[in-house]
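# Fold and geometry: a report
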Amino acid sequence: MSPLIWSLLITGLSTGTVITMSSHHWLLAWLGLELNTLSILPIISKSHHPRATEAATKYFLIQAMAAALIMFASTLNAWQTGHWSITNTTNMVTITMITLALLFKLGAAPMHAWYPEILQGSTLTTAMILTTWQKLAPMTLLYMISPHLPQQLILVTGLLSALVGGWSGLNQTQTRKIMAFSSIAHMGWLIIALHLSLTLTTTTLLIYITMTSTMFLALNTMTIKTLTDMGLAWSQSPSLMTMVMISIMSLGGLPPLTGFLPKWLILSALCQNNLIQLSVLLAAASLPSLFFYTRMAYFTVLTIPPNTTSTHLKWRFKPKLTCGLTTTVTTTLMLLTLTPLLITT
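Each value, and the rule that gives it
Residues numbered from 1 in each chain as written. Predicted model: local features only at pLDDT ≥ 70, side-chain atom pairs only at ≥ 80, totals over all residues. Heavy atoms only, no water. UniProt positions renumbered as here; feature names shortened; annotations may be inferred. Helix = DSSP H or I, 4+ residues; strand = E, 2+ residues; numbered from the N terminus. Buried < 20%, exposed > 50% of the residue type's maximum accessible area, 1.4 Å probe, protein only. Expected span 1.5 Å × (residues − 1). Contact = heavy atoms within 4.5 Å. Polar contact = N/O pair within 3.5 Å; in protein donor to acceptor, adjacent residues only side chain to side chain.

Further remarks concern the UniProt feature "transmembrane region" (unreviewed entry) in the chain. As annotated in UniProt, the feature "transmembrane region" (unreviewed entry) corresponds to residues 56-80, 92-115, 152-171, 240-262, 274-293 and 321-343 in the numbering used here. In the segment residues 56-80, helix accounts for 100% and strand for 0%; the C-alpha atoms at its two ends are 36 Å apart. Annotation note: span residues 152-171, helix share 85%, strand share 0%, distance between end C-alpha atoms 30 Å.

Set out below in structure tokens:
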């Protein structure tokens, strides 16, 4: 792909998200979502592999269906109320339809089956875009209609996403599918945080994007696609793989790492709102996720295969550490110290 075409696609991708995030009119928000979708499709299929083409086709169908549902619901709301304002959407049927469409776009359970297959058919860089940047526009629309969201639907979907993301990732060996189910589980926490506080939701979203970007950048640097590759990568860069192991533990939410911060705050807020049963179920739902994160860490640093060369370490490939990777790794590991500041604000 030529640099000109690549720059145009990235510009369209970012412009579509910015249009949706800055709009107060349903038609303008729908336009931004469509521009975003049309810009990401060539990026998904640029490797010209049959699986990439299949992933792009699936992504187009899913996103077009969700966008059509949003357009239908917003038209129904305009017909009933006489305006297209996003923040004044109060009809319960319309709100429910739009919420389901946005959860569909986010890949939340039980509308998640398309998500792991599309990430598996994409490159690691494209998968990082799908799991981070592509969450911003739907989450912004959920922010705007948050006072009118159906609370029972939000809580049930969030808990179900955390459960499905944890249990479905147990038998996976492909790192992209593992990260896909990890994203589904984190979407569950994020959706439940939406019921509690927008500030807490923003904190959770930023930390999720940082941790996920760290993992994808590290996996892309070391060209790791399976759990077996993780075991073989130690001899290539022990320092980077050590950071990857600690980042995996942060993704699982273990203290004293950054990933513990949003889960701690969400569980505390649930207890303060007398949702004790939901907090217990949500904490239990995170245990399967923690298991496959621990398994990834085990394969990373605790299973060193026999050497196939005459040297002790195979220094054939020295990964190039970028500024983005070092920044995200530092943030992923050391942000928990800011917790008192976040609580007071």
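A separate point is the environment of Ser 168. One can find Ser 168 in helix α8 (residues 151-168). Its relative accessible area of 22% is what places Ser 168 among the partly exposed residues. Spatially, the C-alpha atoms of Ser 168 and Ser 182 are 9.4 Å apart, while their sequence positions differ by 14 residues.

Over its 15 residues, helix α4 (residues 92-106) runs 21 Å from end to end, which matches the ideal 21 Å to within 8%, given 1.5 Å per residue. Burial runs high along α4: eleven of the 15 residues are buried. For α4, the full list of buried residues reads Thr 94, Ile 95, Met 97, Ile 98, Thr 99, Ala 101, Leu 102, Leu 103, Phe 104, Lys 105 and Leu 106. Residues of α4 that are buried in the fold lie against α2 (26-44), α3 (50-81), α5 (114-120), α7 (136-144), α8 and α9 (175-196). Where α4 starts, the residue carrying a side-chain oxygen 3.1 Å from the main-chain nitrogen of Val 93 turns out to be Asn 91. Gly 107 sits one or two residues past α4 and shows a positive phi near 80°.

Cis rather than trans, the peptide bond between Ala 109 and Pro 110 has omega equal to 0°. By secondary structure assignment, the location of Pro 110 is in the loop between α4 and α5. A cis amide bond links Pro 255 to the next residue, Pro 256, at an omega of 5°. Examined against the element boundaries, Pro 256 turns out to sit in the loop between α12 (238-252) and α13 (260-272). If you check the backbone angles, His 48 has positive phi at about 60° while not being a glycine. Structurally, His 48 is set in the loop between α2 and α3. Given the relative accessible area of 71%, His 48 is considered exposed. Positive phi outside glycine occurs at Thr 223, with the angle close to 50°. Following the sequence through the fold, Thr 223 ends up in the loop between α10 (198-221) and α11 (227-232).

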